[in-house]
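# Descriptive structure summary
Residues per chain, in single letters:
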Amino acid sequence: MSVGHASTTYAGSGKNQVRSFLAARFAHEPGTSFAYNISASHMLSHIITKVSGVSIYEYLKPRLLDPLGIEDVVWEMDNDGINMGNGGSHMKTSDMAKMGLFLLNKGKWNGKQLLNSEWIEAATTPHIYQHPERTQQENENAADDGSQGYGYQIWMGRHNSYRAIGGQNQLIMVIPKYDFILVCHSSIGDEAGFNNLIYDMLPSMSSKKIKADKSFNLNKTLEGYQIKPPFEITNNSKVAMTTRRFQMNENSAGIRNILFRFDSYGNCYLTFITSTAIHNIPFGLNNWLYGMTDRTLSMTRGGYPNTMGVTPVHIAGICTWTSENQLSAYYLSMFNPGSTETFQFTFDGDQLKMEIKVPTGPRLGPPGMQQAETARYCYDWDKMKD
């Protein structure tokens, strides 16, 4: 985050991205100015691969992942097969907790020192601050976590905490003073509020057992946190079709055909056909339908190929007939928290109009993350003969 570029230079993928990074002009002396720059993190992955001859995943597996018992890791790659050094790694929540414990224990695991404790100390110490115009004391006394500094790919926080943060604020938080680790696989809408909640609870934390509150109803409480679809659910559940196929001309989405299939309950099973693959997405009528899809990248946000056996991925989808000839559908990915798509299909005789809405609200993550532009993608289709 202090390589000297004025801002992130995340252009292209693979070798093109390396060229873009190296060609970018330096606005500051390296190490003197903070600027959120995920390209720099990905360059580390390229360097390790270049020097070691293996991917960063292959390098870490026998040295870190296997000793910690971390399996089923999926790590996305750029177009040259280089693991993304700035994200795209997926593992179980319990395995993230192991990573947090590994850091808390200064690189020791089951009595064996896997990584130099002095390096852990350095990695979890601020080497540059987001607001260099402030004094160190002003940064440390700031009332927000966005001023506490940055270590080695790790963000510092208040109460001498530190965090490894992923997209949508998925995180591993460590607070050594309280012997405390928190991991989260979710899309946190209020990062500051979430952190404040944890900090507010710190004085109450204890190893003593607490008495159960028999009046507390967990299921009822959780009902208030259900994810709401981005459209009003209607009672119009009549399905006038069982199967419909549409085709379209060349388009930026690369989709050739689209197929709608409806079961007796009105649930919709949507199929996109491209030149290289067939993608299925299930939607429950007026209710969430849990299923799987091999479509990991949305049309509204760019991404990189997941070439490490990541499909199919679990999703939840819901749809409703917002009018007699208009079907609205929404799904969210359980593989990439915060990754969603909202479709609106309007049927007019043999014509179909499809609109894809870009997710509203901020993209969550480390300070400075680029926000998605507000836009709609519109496509027109023609009905195919049965």
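Within each chain, residues carry numbers counting from 1 in the order of the written sequence. With pLDDT at 70 or above as the cut-off, local features in this predicted model cover only qualifying residues; side-chain atom pairs require 80 or more to be listed or tallied, and sums for whole chains, interfaces and linings still use all residues. With hydrogens and water excluded, all non-hydrogen atoms of the structure serve as input to the side-chain values.

### A word on the pairing of strand 16 (residues 340-348)
Our working rule: Each residue is placed in one exposure class: buried if its accessible area under a 1.4 Å probe, protein chains only, is under 20% of its type's maximum, exposed if it is over 50%, and partly exposed if it falls in between. The numbering of helices and of strands both runs from the N terminus, where a helix is a DSSP run of H or I of at least 4 residues and a strand a run of E of at least 2. Between any two strands, pairing holds if DSSP finds at least two bridges.
In terms of burial, strand 16 is largely enclosed, as seven of its nine residues are buried. Note: strand 15 (residues 326-333) against strand 16, seven bridges, orientation antiparallel. Residue pairing in the sheet places Leu 332 in a bridge with Thr 340 of strand 16. Linking two consecutive strands that pair antiparallel, namely strand 15 and strand 16, is a turn of six residues; a positive phi of about 90° is found at Gly 338 within it. Two strands pair when backbone bridges link them, and strand 16 and strand 17 (residues 351-357) are joined in this way by seven bridges, in the antiparallel orientation. In the strand pairing of strand 17, Thr 342 is matched with Lys 357. What sits between the antiparallel neighbours strand 16 and strand 17 is a turn of two residues, in which Gly 349 has the positive phi angle 65°.

### Remarks on unusual backbone geometry
Trans peptide bonds make up most of the peptide bonds, and negative phi angles are found at most residues other than glycine. Its identity is not glycine, yet Gln 153 carries a phi of approximately 65°, on the positive side. Here Gln 153 lies in the loop between helix 6 (136-140) and strand 5 (155-157). Taking the relative accessible area as the measure of exposure, Gln 153 reaches 37% and is therefore partly exposed.

### A closer look at the packing of helix 1 (residues 15-23) against helix 2 (residues 38-52)
We apply this condition: All axes here are fitted lines through C-alpha atoms, helices being fitted over the stretch that makes contact, and every angle between N-to-C directions spans 0 to 180 degrees. Convention used here: angles under 35 degrees read as roughly parallel, angles over 145 as roughly antiparallel, angles from 65 to 115 as roughly perpendicular, and any remaining angle as oblique. Should the near helix be turned anticlockwise from the far one by less than a right angle, the crossing is left-handed, and should it be turned clockwise, the crossing is right-handed. Should any heavy atoms of two residues lie within 4.5 Å, those residues are considered in contact.
Closest axis-to-axis distance for the helix 1/helix 2 pair is 11 Å, and the angle between their directions is 120°. Judged by the inter-axis angle, helix 1 sits oblique to helix 2. Seen from above, helix 1 lies across helix 2 with left-handed handedness. Contact with helix 1, carried on its side by Gln 17, Val 18 and Phe 21, involves Ser 39, Ala 40, His 42, Met 43 and His 46 of helix 2 and no other residues of that element.

### What to know about the packing of aromatic side chains
Each pair of aromatic rings is reported with the distance of its centres and the angle of its planes. Inclusion rule: Pairing of aromatic rings covers Phe, Tyr and Trp, the last through its six-membered ring, and needs centres within 6.5 Å; plane angles under 30 degrees mean stacked, over 60 mean edge-to-face, and all others mean tilted.
One pass over the structure, following the stated rule, counts 17 aromatic pairs. Pairing Phe 283 with Phe 343 gives two aromatic rings, centres 6.3 Å apart and planes at 80°, and the pair type is edge-to-face. Of this pair, Phe 283 sits in strand 12 (residues 278-285) while Phe 343 is found in strand 16, placing the two residues 60 residues apart along the sequence. Measuring from ring centre to ring centre gives 6.0 Å for Trp 288 and Tyr 330, while their planes differ by 65°; the resulting arrangement is edge-to-face. Taken as a pair, Trp 288 in the loop between strand 12 and strand 13 (289-293) and Tyr 330 in strand 15 lie far apart in primary sequence, 42 residues in all. By the ring-pair criterion, three or more aromatic residues cluster together here, those being Phe 246, Phe 260, Phe 262, Phe 272, Phe 283, Trp 321, Tyr 331, Phe 343, Phe 345 and Phe 347.

### Details of the sheet that holds strand 7 (residues 171-175)
The antiparallel open sheet is built from four strands, whose spatial order is 5-6-7-8. A single partner strand is all that each edge strand has here, and the edge strands are strand 5 and strand 8 (180-184). Each strand axis lies, on average, 20° off the axis of its neighbour in the sheet, ignoring direction. Here strand 5 pairs with strand 6 (residues 161-165) via three bridges, running antiparallel. By the bridge assignment for strand 6, Trp 155 is matched with Arg 163. Packed on one face of the sheet, helix 4 (residues 93-104) meets strand 6, strand 7 and strand 8 and runs near 150° to strand 8.

### Some remarks on the nonpolar core
Let me state the cut-off plainly: Only buried residues count toward a nonpolar core. Its members are Ala, Val, Leu, Ile, Met, Phe, Trp, Tyr and Cys residues joined through side-chain atoms within 4.5 Å.
Ranked by size, the top nonpolar core spans 28 residues in total, and within it Ile 258, Phe 260, Phe 283, Phe 343 and Phe 345 carry the most contacts. Looking at this core, the elements with two or more residues in it are strand 10 (255-262), strand 11 (268-274), strand 12, strand 14 (313-323), strand 15, strand 16 and strand 17. Core analysis: the next-biggest nonpolar cluster, separate from the first, contains 21 residues, Leu 64, Leu 68, Met 96 and Tyr 162 among them.

### Considerations on helix 4
Stated formally: Multiplying one less than the number of residues by 1.5 Å gives the expected span of a helix.
Given a rise of 1.5 Å per residue, 12 residues ought to cover 16 Å, and the 17 Å separating the end C-alpha atoms of helix 4 matches this to within 8%. What helix 4 keeps buried is the set Asp 95, Met 96, Gly 100, Phe 102, Leu 103 and Leu 104. Backbone geometry just after helix 4 places Lys 106 at a positive phi near 55°.

### A look at the confidence of the model for the chain
Stated formally: How sure the predictor is of each residue is captured by pLDDT, a score from 0 to 100.
When the pLDDT values of the chain are averaged, the result is 84; 86% of them are 70 or greater. Between residues 301-305, whose pLDDT stays under 50, and residues either more than four places distant or in other chains, the model counts 20 contacts. Overall, residues 362-372 carries pLDDT values under 50, and its contacts beyond four positions in sequence, including any with other chains, amount to 29 contacts.

### Points about the environment of Ser 45
Here Ser 45 lies in helix 2. Taking the C-alpha atoms as reference points, Ser 45 and Gly 85, 40 residues apart in sequence, are found 4.8 Å from one another.

### Considerations on the pairing of strand 7
Most of strand 7 sits inside the fold, with five of its five residues counted as buried. Burial along strand 7 is two-sided: the residues Leu 171, Met 173 and Ile 175 and Ile 172 and Val 174 are all buried. The hairpin formed by strand 7 and strand 8 contains four residues between the paired strands, and Asp 179 there has a positive phi angle of roughly 55°.

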